[in-house]
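Notes for the structure review
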Amino acid sequence: MTARDDMLARIRAALADHPATPTVPREYHRTLPDADVVGLFAERVADYRATVRRVSPAGLPGAIAEALRGRVVVPAGLPPEWLAAADVEPLHDDPPLSVEELDRADGVVSGCAVAIALTGTIILDGGTAQGRRALTLLPDHHLCVVRADQIVGTVAEALTRLDPSRPQTWISGPSATSDIELNRVEGVHGPRNLAVLIVS
Amino acid sequence: MSHPTFLGMPPFPEAAKEALANTQQRANLAKATATIRDKRARAVAEMPDWEHLRLAGAAVKDTVLTRLPELLEQLEERVTAAGGVVHWAADAAQANAIVADIVKAHDGREVVKVKSMATQEIELNNALAAHGIDVWETDLAELIVQLGHDLPSHILVPAIHRNRSEIRDIFVEEMGKVGRPAPDGIGDEPAALAEAARLHLREKFLRAKVAVSGGNFAIAETGTVVVLESEGNGRMCLTLPQVLVTVLGIEKLLPTWADLEVFMQLLPRSSTAERMNPYTSMWTGVTPGDGPQEFHLVLLDNGRTGTLADPTGRQALRCIRCSACLNVCPVYERTGGRAYGSAYPGPIGAILTPQLRGINQHPVDAQTASLPFASSLCGACFEVCPVRIDIPDVLVHLRAKVVEHKRGHLGTEGAVMAAMRATFTSPRRLGAAQRLGALGARVVGRRGRLRLRGPFWIRAWFGTRDLPAPPGQSFRAWWRKQHDRS
Ligand code: SF4
């Protein structure tokens, strides 16, 4: 018998008393009725000690220019006008940048797939303007642009917008640890600075 | 590099006595657990639907257990279809051998590792060391434990027993032996220590060919694996190496993608007491051009089917390893995690470890058999558990098992044994009585002193710590006597 057959047989034997499969009560809240999701998102991201700014579409290039300098990683599909005012050296991931190049970059600018107001979470799924996962991991500074229409209220709403077959990174504030006497320290291995521009 | 092991730990009361004598550890623990308890209470209080989430969480996990064979087969099919390779490991030795073979087929010298309870349970680091493979723990607390040649003491904060100056000394002494040394003149501010860890580990992340992780959830419907973390070390391991091996307990499944709407709320608030943890990675098999191009999923049994076979005990398999039950446990707060002698400390360890080691099927060693007694049955663990595991109920059930197994061995017992037997003939009544009493105990406990009611041997055992010892024989003495005889 293979380990697989052996384990499945043992599991079936363990369930010989045929415990009933319960009906899952789903009375928890799946939406946030009447909430100002953009305002809530901004507040909750700021709680994680990320930098948050709300800008108009016209103000976006200027805000990006203020937030970036040096060598900046640019994922495929990033709208060119985002960098129109920025005085940076763009690093395009085509051909793919090496981990050393990414490690030496000063920052990365990206869009996102979805954002969650209740938890202040940004979700990247490797889609347009996001790139592969390493791009937003190795540079020490991550500037993320979130459009108001990408912000939903709850985790449940976000999941319905996402495609599970795509690799995802859910980001809630800069990297942090509380491993030393439970003191929160921002910035361990991921980007130590997270800046979010909300466009509305 | 060799790694310490939990093998051969003394039974809980003796290990606890040793731990209690360590005043530094007790102080660190009391401060840490109080901090995180308060934080969790706040994170939960802002969720008006928290109790509904708990009910859903428990029911989803029970669904997983009752449908486990079909869900595992579905997961295997989806992961395979997405380019992953699924392995089945009946026990620790099989799982360790599978991982070692994969590592040897590639780089063969080292792996970077994300903190994972399953790999601690199977003592993977020791097994890989025996093959000459270096394992680099990358979670800050795990790094502290590893560099300190130490054992973890908490599920979430494994180095909770160390304070900042101890950590500084470990970094200064040990980092240079295995890689980039700690910066000259480093102080003991948490930010400086975190920076030292960042620099030390970065070269390992950038060069590693193989990573090993655990998983918080795996979605049967889609084949997606989910890892929650804080520091970014998880993202590094899950993204940069070419080969990824994930060791996953078979109970870690969720039936559907949508079930994450429950667990991505329950786990962060129960665990780190945040609205959401800083980073969560989710991946399905292999994605061309993004992340590891070879993915292995090792499905681990190692005593889980034995646990599943017990109708009362199987609820322990709902556990999502949040560690909330540790932080509210008056026994854990005093003894720390290592006294429990396994990767799983605190209340969950007291019910899970004995079952993984077969207490439901056969007599177990003295250390294992002592674990169900490592509790005052106060019930605080159940109240915070996001998946509503009735830990006190399972503890009482397992105590009865211990007594059952012991019965064959004993001749004339002392008064203690007789008293215990009498109570144990009705475990449910015992549980109810103790919990009623414990309500009073917790009120007293909040005012600073912990006073426990219940059978006298529990009071006596606790009493030897903080209160004048009452008359009668302590549980510890009783246990030692029984142990010497068998
Ligand atoms: S038993 Fe419950 S509270 Fe304890 S670690 Fe598991 S899920 Fe968390």
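It should be noted that the structure appears before, not after, this text.
Read on for a plain summary of the structure. Note that the coordinates shown come from a computational prediction; the quantities given were computed from them, not determined experimentally.

1. Quick notes on unusual backbone geometry
Here Asp94 of chain A and Pro95 of chain A are connected by a cis peptide whose omega angle stands at 0°. Turning to its location among the elements, Pro95 of chain A is positioned in the loop between strand 3 (88–92) and helix 4 (99–104). Of note in the backbone geometry, Ser323 of chain B takes a positive phi value of approximately 80° without being a glycine. Following the sequence through the fold, Ser323 of chain B ends up in the loop between helix 13 (304–308) and helix 14 (324–327). Overall, the relative accessible area of 2% leaves Ser323 of chain B in the buried class. Located in the positive-phi region is Leu377 of chain B, a residue other than glycine, with phi close to 60°. Taking relative accessible area as the criterion, Leu377 of chain B reaches 1% and is therefore assigned buried.

2. Brief notes about the pairing of strand 12 (residues 193–199) of chain A
Residue and element names in this part refer to chain A. Buried residues dominate strand 12, accounting for six of its seven residues. Pairing geometry for strand 1 (residues 51–55) and strand 12, over five bridges, is parallel. Its bridge partner lying in strand 12, Thr51 is registered against Ala195. Note that strand 7 (residues 141–147) and strand 12 share seven bridges and pair parallel.

3. So, the nonpolar core
Membership of the largest hydrophobic core comes to 153 residues, with the highest contact counts inside it found for Trp170 of chain A together with Phe171 and Leu260 of chain B. If you look at the next biggest cluster of nonpolar residues, it comprises 22 residues, including Ile98, Ile102, Leu128 and Leu300 of chain B.

4. As for the interface of chain A and chain B
Taken together, the contact pairs 69 residues of chain A with 94 residues of chain B. Counting the surface lost from both chain A and chain B, the interface buries some 7000 Å², and carbon and sulfur atoms represent 60% of this. Per-residue buried area on chain A facing chain B is highest for Arg133, Asp179 and His189 of chain A; these three make up 11% of the total on that side. There are 14 salt bridges connecting chain A and chain B. Where chain A meets chain B, there are 31 residue pairs in polar contact (both at pLDDT 80 or more). Secondary structure elements with two or more residues in the side of chain A that touches chain B: helix 1 (3–14), helix 2 (37–47), helix 4, helix 5 (155–161), strand 9 (168–171), strand 10 (176–180) and strand 11 (183–186) of chain A. With nine residues, helix 1 of chain A is the single largest residue contributor to the side of chain A that touches chain B.

Conventions and cut-offs
Starting afresh in each chain, residues are numbered from 1 along the sequence in its written order. Key to labels: chains lettered from A, ligands numbered from 1, both in the order written. Per-residue local features of the predicted model are confined to residues with pLDDT of at least 70, and side-chain atom pairs are confined, for both listing and counting, to 80 or more; whole-chain, interface and lining totals are unaffected and use all residues. To obtain the side-chain values, all non-hydrogen atoms of the structure were included, while hydrogens and water were left out. The helix count covers DSSP runs of H or I at least four residues long, the strand count covers runs of E at least two residues long, and both are numbered beginning at the N terminus. Here the term buried applies to any residue with accessible area under 20% of the maximum for its type, exposed to any over 50%, and partly exposed to those in between, with areas from a 1.4 Å probe on protein chains only. Note on pairing: DSSP must find at least two bridges between two strands before they are called paired. As used here, the term nonpolar core means buried Ala, Val, Leu, Ile, Met, Phe, Trp, Tyr and Cys residues forming a set that is joined through side-chain atoms within 4.5 Å. Residue contacts are defined here by distance: any two heavy atoms, one from each residue, within 4.5 Å place the two residues in contact. Accessible area, probed at 1.4 Å, shrinks when two parts are joined; the buried area is that loss added up over both. For salt bridges, the criterion is a side-chain nitrogen of Lys or Arg within 4 Å of an Asp or Glu carboxyl oxygen. N or O atoms within 3.5 Å of each other form a polar contact, as long as, within protein, one can give a hydrogen and the other can take it, and as long as residues adjacent in sequence are counted only when both atoms are side-chain atoms.

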